[in-house]
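Survey of secondary and tertiary structure
Chain by chain, the residues run as shown.
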Amino acid sequence: SGSNDGAMYICSLSNGSIQKVVNIVNKPLHIIISDGWGFIVVFSEVIPNSTEVSFHDNSHRYSSHGCGNYELLLYTINGTFITSTKVDTELVSWTKWIDRSGFDFLAISLKGGKVFAFEIYYLQLKSAIWRSHYEVVGIKYHKKTKSLIMINTIGQIQIQTIDP
């Protein structure tokens, strides 16, 4: 789930103390942390007329998107901003995994039935790996078969091998 106040708290794993507060100008809707490198991915809704994000370390990132747009934001395990990418529609489901080389990957299903899979560090949503005519409401990575298992609202199941 997202954050009510737009703040992301980076806490110590050893004692739980707050190490850094990242203020996100967008409205955070979903947050996921990768298992390999600990990347923090935030799916957010762009707030109209907002132009600046202030981080605890006084660095800034600018956004000029209009109303109704979404963004994936990528941060390090320490809360340092890496990159972002525009997303046209709402997130429905997502899943993460690590490939055999230790790289973090993410698969996302968006409203309208498109599913994308990509290496988290680059946040590149190139072409959809599945375009369902119905909303893809569930998506999971199956490690043993190196496959994504996807299901849409009418119960169609798509299994696709993912071997980056």
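Refer to the structure above for everything that follows.
Everything in this summary refers to the structure shown in the same document. (Residues numbered from 1 in each chain as written. Predicted model: local features only at pLDDT ≥ 70, side-chain atom pairs only at ≥ 80, totals over all residues. Heavy atoms only, no water.)

**Here we look at the overall build of the protein chain**
Defined as follows: Under the scheme used here, helices are H or I runs from DSSP no shorter than 4 residues and strands are E runs no shorter than 2 residues, and both carry numbers assigned from the N terminus. Note on exposure labels: buried denotes an accessible area under 20% of the residue type's maximum, exposed denotes more than 50%, and partly exposed covers the range between, all computed with a 1.4 Å probe on protein chains only. Contacts are assigned to residue pairs with any non-hydrogen atoms lying within 4.5 Å of each other. Each accessible area value is a Shrake-Rupley result obtained with a 1.4 Å probe; residue values ignore everything except the protein chains displayed when judging cover.
When helices and strands are tallied, the protein chain shows zero helices and 15 strands. Considering the protein chain as a whole, with its 164 residues, one finds that 41% of them fall into the buried category. When contacts within the protein chain are restricted to residue pairs at least 6 apart in sequence, long-range pairs at least 24 apart make up 39% of them. Accessible area for the protein chain stands at about 9000 Å²; split by element, carbon and sulfur atoms hold 50% of it.

**With respect to the environment of Gln 160**
In this fold, Gln 160 is placed in strand E15 (residues 157–161). Each C-alpha atom of the pair Gln 160 and Met 150 lies 8.3 Å from the other, and the pair is 10 residues apart in sequence. Setting aside its immediate chain neighbours within four residues, Gln 160 contacts Ile 129, Lys 146, Ser 147, Leu 148 and Met 150.

**Focus on the pattern of salt bridges**
Worth spelling out the cut-off: Salt bridge, as used here: a side-chain nitrogen of Lys or Arg that lies within 4 Å of a carboxyl oxygen of Asp or Glu.
If you walk through the whole model with that rule in mind, you get three salt bridges. One salt bridge connects Lys 86 with Asp 88, and the closest N-O pair in it is separated by 2.9 Å. A salt bridge links Lys 111 to Glu 135; the shortest N-O distance between them is 3.6 Å. With Lys 111 in the loop between strand E10 (104–110) and strand E11 (114–119) and Glu 135 in the loop between strand E12 (130–131) and strand E13 (136–142), this pair connects stretches of sequence that are 24 residues apart. With a relative accessible area of 42%, Lys 111 lands in the partly exposed category. Assessed through its relative accessible area of 22%, Glu 135 is described here as partly exposed.

**What to know about the sheet that holds E13**
The line we're drawing: Pairing between strands is defined by DSSP: at least two bridges between the two strands are required. Axis angles are defined between N-to-C directions and span 0 to 180 degrees, where every axis is a line fitted to C-alpha atoms and, for a helix, only to the segment in contact.
Taking strand neighbours across the sheet as the criterion, the three strands line up as E13-E14-E15 in an open arrangement whose pairing is antiparallel. The open sheet has two free edges, formed respectively by E13 and E15, since each of these has just one partner strand. Along the sheet, successive strands turn relative to each other by an average axial angle of 15°, direction set aside. Bridge count for E13 against strand E14 (residues 147–152) is six bridges, and the pairing is antiparallel. Its bridge partner being in E14, Tyr 141 is matched across the sheet by Leu 148.

**Overview of a nonpolar patch on the surface**
In plain terms, the rule: Excluding any residue in a salt bridge, patches collect residues exceeding 30% relative accessible area, merging like charges within 9 Å and nonpolar Val, Leu, Ile, Met, Phe, Trp and Tyr side chains within 5 Å.
Together, Val 137, Ile 149, Ile 151, Ile 157 and Ile 159 give the surface a local cluster of nonpolar side chains, amounting to about 420 Å² of exposed area. Of all the elements in the fold, those that place two or more residues in the nonpolar patch are E14 and E15. As for its position among the elements, Ile 149 is in strand E14. On the basis of relative accessibility, which here comes to 33%, the residue Ile 149 falls in the partly exposed class.

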